[in-house]
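Residues per chain are reported as follows:
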Amino acid sequence: MSNPLRDMEKPDVIFCIGTNMTECHPVAATRLKKAIRNGAKMIVADPRRIALTEIADVTLQIRVGSDSALLLAMAHVIHREGLVDEGFMRDRTTEAEAFLAHLAEFTPEWATEITGVDPDLIEEAALLYGRAERGAIYYTLGITEHICGVDNVQGLCNLALMTGNIGREGTGINPMRGQNNIQGAGDVGAIPNNYPGFQSVIDPANQAKFAKAWGREVDLEKGITKVRALEQAGDQIRAMLIDGENTVVTDPDRDHCERALKSLDFLVVCDLFMTETAELADVVFPASGFGETDGTQTNTERRVQRLRRAVPPAGEAKPDWWIVSQLAQRMGFQGFGYTSAKDVFNELCSVSGTYAGLNWDRVEFGEYQWPVPEEGHPGTPRLHEKEFINGRGIFKLIRYRDPAETIDDDFPVWLTTGRRLASYHSRTQTGRSEGIDYLLSEESLEVNPGDLEAWKIEDGGWVKMSSRRGSVRVRVEATNRSPRGTVFSSFSFNDVPVNVLTGSGYDPITDTAELKVCPVRIERD
Amino acid sequence: MSDQTGLTLTLDGASVSFTKGESIFQVAERHGKEIPTLCYDDRLDAFGACRLCIVEVEGARAPVASCTTKAEPGMRVTTRSGALEMHRRVLLELVVSENREVDVDELSGYASQELTTLVDRYDARTGRFEGRISGTSRPDDPNPFILRDYANCISCYRCVRVCAEQEGDYAISIMNRGFDTQITTEFEGHLKESACTFCGQCVQTCPTGALGDIKALRHKAIEKPVEKTRSICPYCGVGCAVDIMTKGDQIVGIQPAMDGPANEGALCVKGQFAFDFVHHPDRLKTPFVRNDHGQLVPTTWEVALDKAAAGLLAAVNEHGRHSLYAVASGRAPNEAGYVMQKFVRAGLGTSYIDNCSRA
Amino acid sequence: MTQTTDELIADALLQPAPLLPLLHRLHERDGYLSEEALRAVSKGLRTPLADLFGTVTFYHHFSREAGGLDALRVCTGPICRLNGAEQLVDALEGSTGMACSGRCDEPIPVLRGGQTLVGLRADALELRETPLPPAPPQGIEECVFAHIRDDDRKQLAGYRRTGGYQALEQAVTSMTPEALLDLIDASGLTGRGGAGFPTGRKWRAVRDASGGPKTVVCNADEGEPGCFKDRALMDHDPHGVLEGMALACIATGASRAFLYLRYEYPETEHVLLRAIEDAEAAGILGDDVFGSGQTVHLHLRRGAGAYICGEETSLLNSLEGKHPFPRNRPPYPVTHGFEGTPTAVNNVETLSSVAPIVLHGAEWYRGLGLGDHAGTKVISLSGDIERPGNYEVPMGLPLRTLLFEWAGGGRKGHEIQAVTMAGLSGGFLAGDDLDVTLDEPSIRSKRSFLGAGGIMVFDETRDMVDVAHSAMEFFAHESCGKCFPCRIGTQRLTERLAGSAGPTEPGAWLDEVADINRTMKETSACGLGHAAPLIAESLVRYFPAAVQNHIAHSSRSTGLDT
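Residue numbers restart at each chain and count upward from 1, following the sequence in its written direction. Whichever chain is written first is A, and whichever ligand is written first is 1; the rest continue in order. Per-residue local features of the predicted model are confined to residues with pLDDT of at least 70, and side-chain atom pairs are confined, for both listing and counting, to 80 or more; whole-chain, interface and lining totals are unaffected and use all residues.

This part covers the overall build of chain A. Here a helix means four or more residues in a row that DSSP labels H or I, a strand means two or more in a row labelled E, and each is numbered from the N terminus. Of regular secondary structure, chain A possesses 18 helices and 20 strands. The size measure is the radius of gyration over C-alpha atoms, and the globule rule it meets is 2.2 Å times the number of residues to the 0.38 power. Its C-alpha atoms give chain A a radius of gyration of 24 Å, near enough to 24 Å, the size a compact globule of 525 residues would have. Each of the three principal axes of chain A carries a C-alpha extent, and together these read 65 × 60 × 45 Å. Any residue surrounded by 20 or more other C-beta atoms within 10 Å of its C-beta is treated as buried, while 12 or fewer makes it exposed and the intermediate range makes it partly exposed; C-beta atoms here are placed from the backbone. Within chain A, the fraction of its 525 residues that count as buried is 62%. Think of it this way: build a C-beta for each residue from its backbone, and any pair within 7 Å is a contact. Of the contacts formed within chain A by residues at least 6 apart in sequence, a portion of 70% connects residues at least 24 apart.

Here the focus is the overall build of chain B. Secondary structure assignment for chain B yields nine helices and 16 strands. Projected onto its principal axes, the C-alpha coordinates of chain B cover approximately 90 × 55 × 40 Å. Taken over 359 residues, chain B has a buried fraction of 62%. Relative to all contacts within chain B whose residues are 6 or more apart in sequence, the contacts with residues 24 or more apart total 57%.

Turning our eyes to something else, we now look at the sheet that holds strand 14 (residues 454-459) of chain C. By way of backbone hydrogen bonds, the strands of a sheet pair with one another, either parallel or antiparallel. Residue and element names in this part refer to chain C. Spatial strand order, 11-10-14-12-13: five strands in an open sheet with mixed pairing. A single partner strand is all that each edge strand has here, and the edge strands are strand 11 (389-394) and strand 13 (428-430). Geometrically, the sheet is characterised by an average inter-axis angle of 30° between neighbouring strands, direction not taken into account. Relative to strand 14, strand 10 (residues 376-383) runs parallel, the two sharing four bridges. In short, DSSP must find at least two bridges between two strands for them to pair. Each axis is a line fitted through C-alpha atoms, taken for helices only over the stretch in contact, and angles between the N-to-C directions span 0 to 180 degrees.

Each partner contributes residues to the interface: chain C has 37 residues there, and chain B has 36 residues. Within the residue set of the side of chain C that touches chain B, elements represented by two or more residues are helix 4 (49-58), helix 19 (464-478), helix 20 (484-498) and helix 21 (506-523) of chain C. The dominant element in the side of chain C that touches chain B, judged by the number of residues it contributes, is helix 20 of chain C, at nine residues. Ten residues, namely Ala, Val, Leu, Ile, Met, Phe, Trp, Tyr, Cys and Pro, are considered nonpolar, four, namely Asp, Glu, Lys and Arg, are considered charged, and the remaining ones, Gly among them, are considered polar. Here the residues of the side of chain C that touches chain B are counted per class, giving 14 nonpolar, 13 polar and ten charged.

Turning to the nonpolar core, a few remarks are in order. Most often, soluble globular proteins keep nonpolar side chains buried together rather than apart. In this structure, A:Ile43, A:Met74, C:Met245 and C:Leu247 are the most contacted members of the largest nonpolar core, which totals 347 residues. When neighbours within four sequence positions are excluded, A:Ile43 is seen to be in contact with A:Ile14, A:Phe15, A:Ala56, A:Asp57, A:Val58, A:Leu60, A:Ala125, A:Leu128 and A:Tyr129. With 95 residues, the next largest nonpolar core counts A:Phe345, A:Leu358, B:Val289 and B:Ile353 among its residues. Here a nonpolar core is just a set of buried residues of the types Ala, Val, Leu, Ile, Met, Phe, Trp, Tyr and Cys, joined wherever their C-beta atoms sit within 7 Å.

A few words on the domain arrangement of chain B. Residues and elements named next belong to chain B. Reported domain spans reflect what an automatic or database domain assignment gives. Per the domain assignment, the segments of chain B are domain 1 (2-80), domain 2 (91-279) and domain 3 (288-358). The C-alpha centroid of domain 2 is placed 27 Å from the C-alpha centroid of domain 1. Taken residue by residue, the interface counts twelve residues in domain 1 and 16 residues in domain 2.

Here we take up the sheet that holds strand 4 (residues 64-65) of chain B. All names here are of chain B. Strand order in the open sheet formed by five strands is 2-1-5-3-4, with mixed pairing between adjacent strands. Either end of the sheet is taken by a strand with one partner, and the two such strands are strand 2 (14-18) and strand 4. Of the strand pairs in this sheet, strand 3 (residues 54-57) and strand 4 are connected by two bridges, and their pairing is antiparallel. Residue pairing across strands places Val-55 opposite Val-64, the latter belonging to strand 4.

This part covers unusual backbone geometry. In this model, C:Gly212 is joined to C:Pro213 through a cis peptide bond whose omega is -5°. Looking at where C:Pro213 falls in the secondary structure, it is placed in the loop between helix 10 (199-208) and strand 6 (215-220). A cis amide bond links C:Arg329 with the next residue in sequence, C:Pro330, at an omega value of -10°. Take C:Pro330: it is sitting in the loop between helix 14 (312-319) and strand 9 (343-347). Even without a glycine there, the phi angle at A:Asp253 is positive, about 55°.

Bringing helix 3 (residues 114-121) of chain B into the picture now. Note that an α-helix has 3.6 residues per turn; residues three or four places apart therefore point the same way. Residues and elements named next belong to chain B. Listed in full, the buried residues belonging to helix 3 are Glu-114, Leu-115, Leu-118 and Val-119. Looking straight down helix 3, one finds its buried side chains confined to an arc of 125°; they lie on one side. Summarising the contacts, the buried residues of helix 3 are in contact with helix 2 (82-98). Two residues or fewer past helix 3, Asp-123 is found with a positive phi of approximately 50°. As used here, the arc is the angular range of directions from the helix axis to the C-beta atoms.

This part is about helix 9 (residues 334-348) of chain B. All names here are of chain B. With 15 residues, helix 9 should reach 21 Å at 1.5 Å per residue; the first-to-last C-alpha distance of 21 Å fits that figure. By definition, a residue's bend is the angle between the axes fitted to the seven residues ending there and the seven starting there. Of all the bends found along helix 9, the most pronounced is centred on Lys-342 and spans about 30°. Helix 9 sits mainly inside the fold: 15 of its 15 residues count as buried. One or two steps after helix 9, the chain reaches Gly-349, where phi turns positive at roughly 75°. Expected span of a helix: the number of residues minus one, times 1.5 Å.

Let's shift gears to the interface of chain A and chain B. Counting residues at the interface gives 126 residues for chain A and 103 residues for chain B. Element by element, the count of residues in the side of chain A that touches chain B is highest for helix 15 (residues 320-330) of chain A, at eight residues. Residues belonging to the side of chain A that touches chain B are distributed by class as follows: 60 nonpolar, 38 polar and 28 charged. One ladder, built from four bridges, connects strand 9 (residues 239-243) of chain A with strand 15 (residues 324-328) of chain B; its direction is parallel. Each residue of the ladder has a partner; that of A:Leu241, found in strand 15 of chain B, is B:Ala326.

What follows is about the pairing of strand 9 of chain C. All names here are of chain C. Counting buried positions over the five residues of strand 9 gives five, a clear majority of the element. Along strand 9, one buried face is formed by Thr-343, Val-345 and Asn-347 and the opposite face, lined by Ala-344 and Asn-346, is buried too. Where strand 6 meets strand 9, five bridges bridge the pair, whose relative direction is parallel. In the strand pairing of strand 9, Asn-219 is matched with Asn-347.

Of all two pairs of chains that touch, the greatest number of contacts is found between chains A and B. A minimum C-alpha distance of 8 Å separates chain A and chain C, which share no contact.

What follows covers the packing of helix 9 (residues 177-187) of chain C against helix 10 of chain C. Residues and elements named next belong to chain C. Taken N-terminus to C-terminus, the directions of helix 9 and helix 10 make an angle of 150°; their axes are 7 Å apart at the nearest point. On the basis of the axis angle, helix 9 is roughly antiparallel to helix 10. As helix 9 runs across helix 10, the sense of the crossing is left-handed. For the pair helix 9 and helix 10, contact is made by Pro-177, Leu-181, Ile-184 and Asp-185 and by Thr-199, Gly-200, Trp-203, Arg-204 and Arg-207, respectively. Among the residues forming the contact of helix 9 with helix 10, the class breakdown is four nonpolar, two polar and three charged. Here roughly perpendicular refers to angles of 65 to 115 degrees, roughly parallel to angles under 35, roughly antiparallel to angles over 145, and oblique to all remaining angles. In this scheme the crossing of two helices becomes right-handed for a clockwise turn of the near helix relative to the far one and left-handed for an anticlockwise turn of less than a right angle.

Our next topic: the packing of helix 8 (residues 166-173) of chain C against helix 12 (residues 238-252) of chain C. Residue and element names in this part refer to chain C. Taken N-terminus to C-terminus, the directions of helix 8 and helix 12 make an angle of 15°; their axes are 9 Å apart at the nearest point. It follows from the interaxial angle that helix 8 and helix 12 lie roughly parallel. In this structure, helix 8 meets helix 12 at a crossing whose hand is left-handed. Residues Ala-167, Leu-168, Ala-171 and Val-172 of helix 8 touch helix 12, and the partners they reach there are Glu-243, Ala-246, Leu-247 and Ile-250.

For the rest of this paragraph, the subject is the pairing of strand 11 of chain C. All names here are of chain C. For strand 11, the tally of buried residues reaches six of six residues, placing the bulk of the element in the interior. Pairing of strand 10 with strand 11, which is carried by six bridges, proceeds in the antiparallel orientation. By the bridge assignment for strand 11, Ser-380 is matched with Asn-390. Where strand 10 folds back on strand 11, the antiparallel hairpin that results is connected by five residues.

Put into structure tokens, the structure is as follows:
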């Protein structure tokens, strides 16, 4: 997030797109509700009538995968109505002129054709955001899990840049991170392109710096993404070490994924449970979990906080860092003689620019948000206040692109996927916590009652849902949350493995899967 | 800003400064005065129900509720006097008289000891003002999380207010009036049928244990002290600070950290109630290796580590260092991710690593 | 044709303060408030369902069961109890009791849907016109009742015949608001609903307050037991009230006003709606008051049975569709009233006094009172008295003069034992303390107050402990439940006066009651909690022997039910 969580109580106009925040980030959503209680207006764009729409002032029920068209049209209106922040564009951005010229063709009427949203509503939303004193954008995977995820994000950046809604309290472009430490995983360099602290691996200076720190020179080229690694499994990729991820269930195209892991020569998995992924491993290590481990994690607002051990780990379970260090040592790698999480974290801080001013003791109370470039620095709750990381904000001339697969006679219904409040991911944890079943004990496919009637399927009945990749059986639930022609399911329940169906395409830049769009066929079962 | 500085009032004889908009209660608390209250939660709008926080303000006809009275320049405020303490004691005796019981287990919730503590401080267990008990408990509600024992409710409305003002769910409300006041939901149904999301904020602000944490209370019988360890919720990326409650080696419950920077006392149903997976029998307690029959069987760390190291090395030796791929977890701590990426970078000189952020 | 719920919601949304009228229309359409209707209202008005549900349950008269609207409700107020109201409830199948419904000068009222019947027996209930105030003694000049007995006074023509709406016309055509405020200041007019705040000062505060739009509210939620003066004014002189509201708007700079009418006056609603319609049609109210270009829109809003809504901040919450708890003050309504805007809340009688003051002058009004006391006060007199009714007395009139000379004294052959003051809120006066004059300083010196001017008379045949018990039961029933001392205190006092709980040892009993009284008076959040203890306190003061007897003979065998 560009802005801190507490800023969520400050906007006068909130724009939520592709984020079912009350279910997926409930505590963050409470702050938006407070802002609304204090008079803020809210625009919600989502294919479904999610709970946020009940408190929204403008609801844009867009067709799945049409986000970028909506964003272009909103930008068009903002420009046409003279609501651009000229000073901000002049002082802080580049490519502004080209961008404004680019917008000419993207009228609300044009976008209506794609999004299915009334042009008046698009105008209304654009005017609301365009006139905001403090406009803030919030999004989640509904924006990124598309083949055009990067375009979508850039579309949002364009809106913020043209209206100057960034770098100030109550504004910003704020992705809500989905997992407790997904932010941290990137921060610490567990990505193919960056060393810890987002230091590029293709920069020779960084290569030299880390060679000095670690005693080994790392390739001057990016690694491959997990998506590519799974594609190359059994071929170029022969062994994998997977920590705490139920890849089989949570990644798209389950069959492909399972085949990939099975084709490896050797698979090592660390986890809390014998997950579907662990079942495929040659060696499984028991990792210590919540309440059993000391450590740090970094939240969606870049806040580094301490985890503390409250009880001994289950059985012989060990911290992940210990397991991997042991493995490294046995493989003859140098520099893994850590004796505590503190050792590891302090080393991380010593090599990461963003964490440079931190150490184990300084994160005791969790008051720092990175970047913290040196000791004594107060941290950076709000990014881009004076300037952007690369100097100026760059407008991107995006265009709308169709999803990888679109509906046709064979697969005439849009399936979109996501989470529900009471279940988390593949339910390895929530499914093993007592009482959660009382709230949600099985998956159901949310279908508009009109569609059920048209398809002659009873509410609560079983259907077979198929995509180009496979089929699942699921019970249907009639609900107006789903618009006509679009159905929804979570990916939490093992007996409704919707990721058998998904995986039609990937964003060309990030390799993020298009989990939010999947044409399907629904038949009575 | 000039009108916001230099404001002073007299508090128990001493001149103290305050800022515009502060209540007398806030000023007094800041200056170390212990003013009793039952309906106050500093996250909520001041409400003025319990009247325990009354203070004397020179010139006022009667004591005023310090929580709902703004500090004014020149005010002369007394926070403790014979008359005030007498009223406070009578009020507490009245409260004791309307409840089935005053002493509840501390596992009930974060604020659950507030009534007991005050009643002891004011020696208010006198048995006076005996009469009808207020509030009807709802043992019929089968929800496994939130105890609804309204016979211990004192109608402070903290639950109603926290649900509206902090959580924004507006699931609970006030039914009837006067002594027949009842905390309820729409049409008196069960919580599951209401707008309740089981975030537990009502439980944690309840000062009497009328709303209680059912999951934690199951561990009431364990005769060990409750200890609290500050950590962070293991679910989404918001990073809510929690206090893990333990008795011995067992996690018995979760309480939100009121001073958690990301959550300021809030949690959701997952963070609040979905913690016991930690002790689930399905937890892996030893390493496993695949045996010659293709089955995963328990083994020792030594064996498993050796086998894993050998297996991974074999691939690297045979197919090169770019044949090993590591997937770090977005669920594990920073230290796990750091060591993982260092494993491929410092160990193999590649960046063949990713995490689960792409799906 | 019956309107659909969605149509009713759409209509309601065109109006300010839409919730109560919408609920009433659904209540009247269906005979109760169904779950389905409430769900639709919640959605339509974007008000949380749980809040809406809770708020509906707060009001006595909203029924949530089919047929509930038409179920008979019998007044079991203090005077009707003397007349056998509880027996009448038993005799009328399916009927329930209700708090004093403001007809203490008539036989027992029975509410049936939108009608009020009166009678003493189940087989002899009839519709009856609101009684006119008895004529004053010779030589007494009245203010609000001066023309109430005139023929045709209810009608616009009749009202205008004796100078009606001249004051308003004068105010908009030949006076500045400042001059109007000065005049009201000079008259010494103070709030007639009980609080006694200077009306001119209140209006000036609203006029001077920043923010807007400004609002006037006429408090016609006459819920105090033993008070029925506002009903007489509204039923017989509705235009007098409306003119007062319009003048208040002109003086404060408001362009809208609400009249909040208690549920139990269904006929009055029709009288007022007709009067508003006529005055608007005549160009007197509306967008162009007497061609002055000034706008005054009057809206009628009906309560649903909650005494606390007579408290001005509860009333405002009720108007806004919120839970009708009293608000914390400050801020006061003059700066933060209806929807947070500057608002003048005035009682019916206060507003009815304004037009006569404008017409006859401040000096005239001041001179109506005796001695230093300005103006008049309407007293609703009821109970064991020869001629019950509304009397507009000069401020400062001796109580005994009213009781014995104006109203004919107690029932034949009986002695007046005690009277209540301020309806029930002032507690009892008895013995030598009946030698007060009808003005606040005199009555306050006896630890009571005049308030809204309801006086109920009890002769020596009445069991004063029982009277006190039913009075406390009323307060307990009407306590909103927000603040602890009132919520628990009224309940515990009721139990002790019923003898169903509490100590059996007199010293302990008296200590408990005294402690509750003191803490309630000193720490309660609003007037209800300050007033209710006066009943118990004055009972103990004037009737110690009866109290001792009560404690000695209290039976705990009835359990804790009261």
